[in-house]
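Structure at a glance
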Amino acid sequence: MGDINRVVIVGAGQGGAEAATQLRTRGFAGEITLVGEERLPPYQRPPLSKKFLLGELEEDRLPFRPAEVYEEERITLILGHRCTWIDRVGKRVRMDGGRELPYDALILATGAKPRALPVPGADLPGVFTLRTATDVDEIRPRFTPGAKLVVIGAGYIGLEVAAVGRQSGLDVTVLEAMPRPLARVTAPEVAGFFLDYHTRKGVKFVLGGKAAVIKGEGAVRAVGLTDGSEIPADIVIVGIGVDPDISLAEKAVLAVGDGIVTDRFCRTSDPAIYAIGDCASRPLVHYGRTARLESVHNAIEGGKIAAAMITGTKPPDEELPWFWSDQYELKLTIAGLFAGYDRIVHRGSMEEASFACFYYLGDRLLAVDAVNRPAEYLGAKQVIQRGRTIEPAALQDMSKSMKEIVAATR
Ligand code: FAD
């Protein structure tokens, strides 16, 4: 553990909390300070666009652990404060209000910020982004039956919000600039499935349409499109992606690109500073390239790796990236990254909402999207993780279980 006695973690979200916990688990006995600008102790974000928005999960179920547990583990949790500056030479972090925190090792886990819609009226009351529990507190009272919800952006969060909107009895329209939903994150076949499913649930889609203005006097009334048409709205939720929060790193002149640049071990261009989670881009061992991922898996893994490096313990073997999305009764699970695929092999039935799409590049299995098919998700994940592949014909043989297919892979 060398001379590291004080670790400061900036950002008390998924990655920051994991790093703090892992430091203790891995035997670090020194000071740990975890600073976060939000009011809640570190909490899970995925329910924000799912059960928490739906009102099926209480706020006290969001945090990973009660605040007292941090105290018991001698992790100093400072909430409601933002770190504003890093003095790399003096190895200190300054918080708003001027207090300074000296560090021997610093972990940046600052997450990402939702992109604002760059049109007039985007600041009208009734227009929201969704990143924090506080956002949901403001949104939820407006989720009343019959209210007109316009979701701008048909990514996973946008579609999850649309599903919750319908489940709550709202009149929901999704506006998407691309010709199909989920354009950045999945194949046209899978996107088509989700489009049909939502449409059957009563969601209206305006695809290939761009918001030009949010209209309203004192509160949102409609979304105006570039073609002059209008979608009436009582509430607008903008889900057009996020940008990594690299403001501290930029000011400290750390290497940044799409996120704070790190090596495989989450080390930034300053040997005393690590960056993890949504704010960082890291080499992906399974794909031979660097990327910035926005997922629970990536934040947890980064927390473990940074803690391992600081404590001189063995870092975990990197897991294949994974993700999930819940919409209505659909559980989508994704393993691997599909970019660069040249062929898709289907297994199961889209009509029955129980299928998996396997993405191949030549003979190599790259990724799987599985809807209500956990065995296909887990099997493909295991195979890719081991650097193996599955014969496409084997996948189409429904007389064989996924377990048998995986067992037969070389
Ligand atoms: P965060 O969890 O965002 O934490 C960063 C924290 O740092 C924030 O609290 C921020 O306020 C704070 N912070 C930033 N700068 C400072 C500063 N200077 N000083 C103090 N504090 C600071 N992933 C999945 O895998 N599956 C899902 O189904 C899924 N659903 C999601 C649904 C929603 C609505 C959202 C928003 C995200 C979802 N994600 C999902 C993504 C996942 O939650 C994130 O990838 C994960 O939270 C990233 O963890 P992080 O620690 O990098 O950032």
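The rules behind each value
Residues numbered from 1 in each chain as written. Predicted model: local features only at pLDDT ≥ 70, side-chain atom pairs only at ≥ 80, totals over all residues. Heavy atoms only, no water. Core = buried A, V, L, I, M, F, W, Y, C linked by side-chain atoms within 4.5 Å. Buried < 20%, exposed > 50% of the residue type's maximum accessible area, 1.4 Å probe, protein only. Contact = heavy atoms within 4.5 Å. Phe/Tyr/Trp six-rings, centres within 6.5 Å; stacked < 30°, edge-to-face > 60°. Helix = DSSP H or I, 4+ residues; strand = E, 2+ residues; numbered from the N terminus. Pairing = 2+ DSSP bridges. Axes fitted to C-alpha atoms, helices over the stretch in contact; angles between N-to-C directions. 1 Å grid on protein atoms, 1.4 Å probe; cavity = no way out; pocket = protein on both sides within 12 Å on 5 of 7 lines; lining within 4 Å. Points joined across faces, edges and corners; volume = space filled by probe spheres on them. Nonpolar A, V, L, I, M, F, W, Y, C, P; charged D, E, K, R; others polar. Expected span 1.5 Å × (residues − 1). Arc of directions from axis to C-beta. Near = heavy atom within 4 Å. Polar contact = N/O pair within 3.5 Å; in protein donor to acceptor, adjacent residues only side chain to side chain. Areas by Shrake-Rupley, 256 points an atom, 1.4 Å probe, with all protein chains shown as cover.

Here's the deal with the nonpolar core
- Phe143, Leu149, Phe194, Phe358 and Tyr359 are the most contacted members of the largest nonpolar core, which has 73 residues in total.
- Discounting chain neighbours no more than four positions away, the residues touching Phe194 are Leu159, Leu182, Gln327, Leu330, Leu332 and Val371.

Some remarks on the packing of aromatic side chains
- Per the stated rule, a full pass over the model turns up 10 aromatic pairs.
- Taking the centre distance of 5.4 Å and the plane angle of 35° together, the rings of Tyr156 and Phe323 count as tilted. Here Tyr156, found in helix 5 (residues 156–167), pairs with Phe323, found in strand 23 (residues 322–327); they are 167 residues apart in sequence, far enough to count as distant.
- Judged by its relative accessible area of 10%, Tyr156 falls in the buried class.
- On the basis of relative accessibility, which here comes to 26%, the residue Phe323 falls in the partly exposed class.

Section: the sheet that holds strand 26 (residues 354–361)
- Pairing is antiparallel in the open sheet, where 5 strands are placed in the order 23-24-27-26-25. Each end of this open sheet is capped by a strand with a single partner; those strands are strand 23 and strand 25 (343–349). Here the average twist between neighbouring strands, direction ignored, is 15°.
- The sheet contacts of helix 5 involve strand 23 and strand 24 (330–336), and relative to strand 23 the element is tilted by about 25°.
- Contacts from helix 6 (residues 188–200) reach strand 23, strand 24, strand 25, strand 26 and strand 27 (364–371) within the one sheet, and its direction differs from that of strand 24 by about 165°.

What to know about the layout of surface pockets
- Empty space within the second largest pocket amounts to approximately 260 Å³.
- Pro47, Lys50, Lys51, Glu56 and Asp326 are the residues nearest the centre of the second largest pocket, which is lined by 18 residues in total.
- Elements with a minimum of two residues in the lining of the second largest pocket: helix 2 (51–54), helix 5 and strand 23.
- Ranked by the residues each element gives to the lining of the second largest pocket, the list is headed by helix 5, at 4 residues.
- Tallied by class, the residues present in the lining of the second largest pocket amount to 8 nonpolar, 4 polar and 6 charged.

Side note on helix 6
- In this model helix 6 runs 18 Å from its N-terminal to its C-terminal C-alpha over 13 residues, within 8% of the 18 Å that 1.5 Å per residue would give.
- Listed in full, the buried residues belonging to helix 6 are Val190, Ala191, Phe193, Phe194, Tyr197 and His198. Down the axis of helix 6, the sector holding all buried residues measures 155°, keeping them to one side.
- On its buried side, helix 6 packs onto helix 5, strand 12 (204–207), strand 23, strand 24, strand 26 and strand 27.

As for the pairing of strand 26
- Taken across its 8 residues, strand 26 has 7 buried, putting it largely inside the fold.
- When strand 25 meets strand 26, the two strands line up antiparallel, connected through 7 bridges. Bridge pairing in strand 26 places Gly348 opposite Phe355.
- Pairing analysis gives 7 bridges linking strand 26 to strand 27, with the strands arranged antiparallel. Following the sheet pairing, Phe358 is matched in strand 27 by Val368.
- The loop that links strand 26 with its antiparallel partner strand 27 comprises 2 residues; one of these, Gly362, has a positive phi angle of about 60°.

Quick notes on the sheet that holds strand 6 (residues 100–102)
- Pairing within the open sheet is antiparallel, and its 3 strands lie in the order 4-5-6. This sheet does not close on itself; its edge strands, each paired only once, are strand 4 (83–87) and strand 6. Going from strand to strand, the sheet's axes swing by 20° on average, the running direction of each strand aside.
- Sheet topology places strand 5 (residues 92–95) next to strand 6; 3 bridges connect them, and they run antiparallel. When the bridges of strand 6 are listed, Arg94 appears paired with Glu100.

Some thoughts on the environment of Thr173
- Examined against the element boundaries, Thr173 turns out to sit in strand 11 (residues 171–176).
- A relative accessible area of 7% means that Thr173 is categorised as buried.
- Separated by 63 residues in sequence, Thr173 and Val236 have C-alpha atoms that sit 9.6 Å apart.
- With near-sequence residues (within four places) excluded, Thr173 lies in contact with Leu149, Val150, Val151, Lys204, Val206 and Ile231.

Comments concerning the site of the ligand
- In the vicinity of the ligand there are 34 residues, among which Gly15, Glu38, Lys50, Arg131 and Asp278 approach most closely.
- Take Glu37: an N or O atom from its side chain is 2.7 Å from an oxygen atom of the ligand.
- Taking Cys83, its main chain carries an N or O atom lying 2.9 Å from a nitrogen atom of the ligand.
- Here the ligand, which alone exposes 1,000 Å², has 97% of that area covered by the protein.
- Of all the elements in the fold, those that place two or more residues in the shell around the ligand are helix 1 (14–25), strand 2 (31–36), helix 8 (296–311) and strand 23.
- Within the shell around the ligand, the residues separate by chemical class into 14 nonpolar, 11 polar and 9 charged.

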